[in-house]
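This is what each chain is made of:
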Amino acid sequence: MSAPNPARHRVLLKDGAVQQDVIVEGQGPAIVLLPSLGRDSEDYDDVAAGLAAQGFAVLRPQPRGLGASIGPMDGITLADYAHDVAHVINALGGGRAVIVGHAFGNWVARMTASVHAECVRGVVIAAAAAKQYPPHLTQAIRRIADPATSDEQRLKDLQDTFFAPGNDARVWLHGWHKNVRDSQFAAHLATPQALWWSAGVAPLLDLQAADDPFLPADRRGELRAELGPRVSVALIENASHALLPEQPDRVVEEVARWARSL
């Protein structure tokens, strides 16, 4: 395989009925970035550019149903999404990668580490929810992704659930895809949490946002308490569940430092 082009470009990967549209940027050890529920991987633009500048090959597969990515979206589980990620790592990442999963993406990242351990150097779970979190947060995400929701209501829900006080939630007012959200959440419901929660035996970086309602302060230690010293923890201030548009430089700093330590 030839060395990846350091300039940002896109690659189409085919695997049976699945086609993945992958944004590729930089050279070096591979890092795969997986986006939040119902959103595309371009949310990582600033983070991807920062990691590429730090000497990593950054791979951003668009989820099924977004960009030029296509594939079955009904009757699937997180294992299907994990297979997609493993295919990207084998095709473009030299067979091994660190996976960064933001919010919903962390479920896919942990599932990949559970069922394709040979492909995963480590997993960064960025703004991951606690093992159990209030149902009203899920309801807010459903409203946000619903095209029928007014911009006023969407902005309120975004500010309450995704953005820390003082951070501009309008940057995520658009870019929500209900059909993708529905498919992804159904795949989550069809997958027992026990199959992905521990991420196999991979090293984990629990990248937490200080104002994240999905992970209240009294729950921040739960993953390390359960899984032990293979879990490292980093707390980013002035950020909530969105995290990426709020503190991209800090995300780059923490991910790059941890990835180099593996």
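Residues numbered from 1 in each chain as written. Predicted model: local features only at pLDDT ≥ 70, side-chain atom pairs only at ≥ 80, totals over all residues. Heavy atoms only, no water.

As for the sheet that holds strand β2 (residues 18-25)
One open sheet holds the eight strands; their spatial order is β1-β2-β4-β3-β5-β6-β7-β8, and the pairing between them is mixed. Taken across any chain shown, the strands that pair with only one partner, and hence form the sheet edges, are β1 (9-15) and β8 (231-236). For this sheet, the mean inter-axis angle between neighbouring strands, taken without regard to orientation, is 25°. Taken together, the seven bridges between β1 and β2 define a ladder with antiparallel strand orientation. Looking at the pairing, L12 lines up with D21 of β2. Along the sheet, helix α1 (residues 45-53) contacts β2, β3 (30-34) and β4 (57-61); its crossing angle with β4, the most-contacted strand, is approximately 155°. Its contacts with the sheet place helix α2 (residues 78-92) against β1, β2, β3, β4 and β5 (97-102), and it is angled at close to 120° to β1. (Pairing = 2+ DSSP bridges. Helix = DSSP H or I, 4+ residues; strand = E, 2+ residues; numbered from the N terminus. Axes fitted to C-alpha atoms, helices over the stretch in contact; angles between N-to-C directions. Contact = heavy atoms within 4.5 Å.)

Focus: unusual backbone geometry
A positive phi angle, near 55°, is found at N238, a position not held by glycine. Within the secondary structure, N238 is located in the loop between β8 and α9 (248-261). Notably, L243 is not glycine yet its phi reads approximately 55°, a positive angle. Structurally, the position occupied by L243 is in the loop between β8 and α9.

All we've got here are geometric facts, nothing functional implied.
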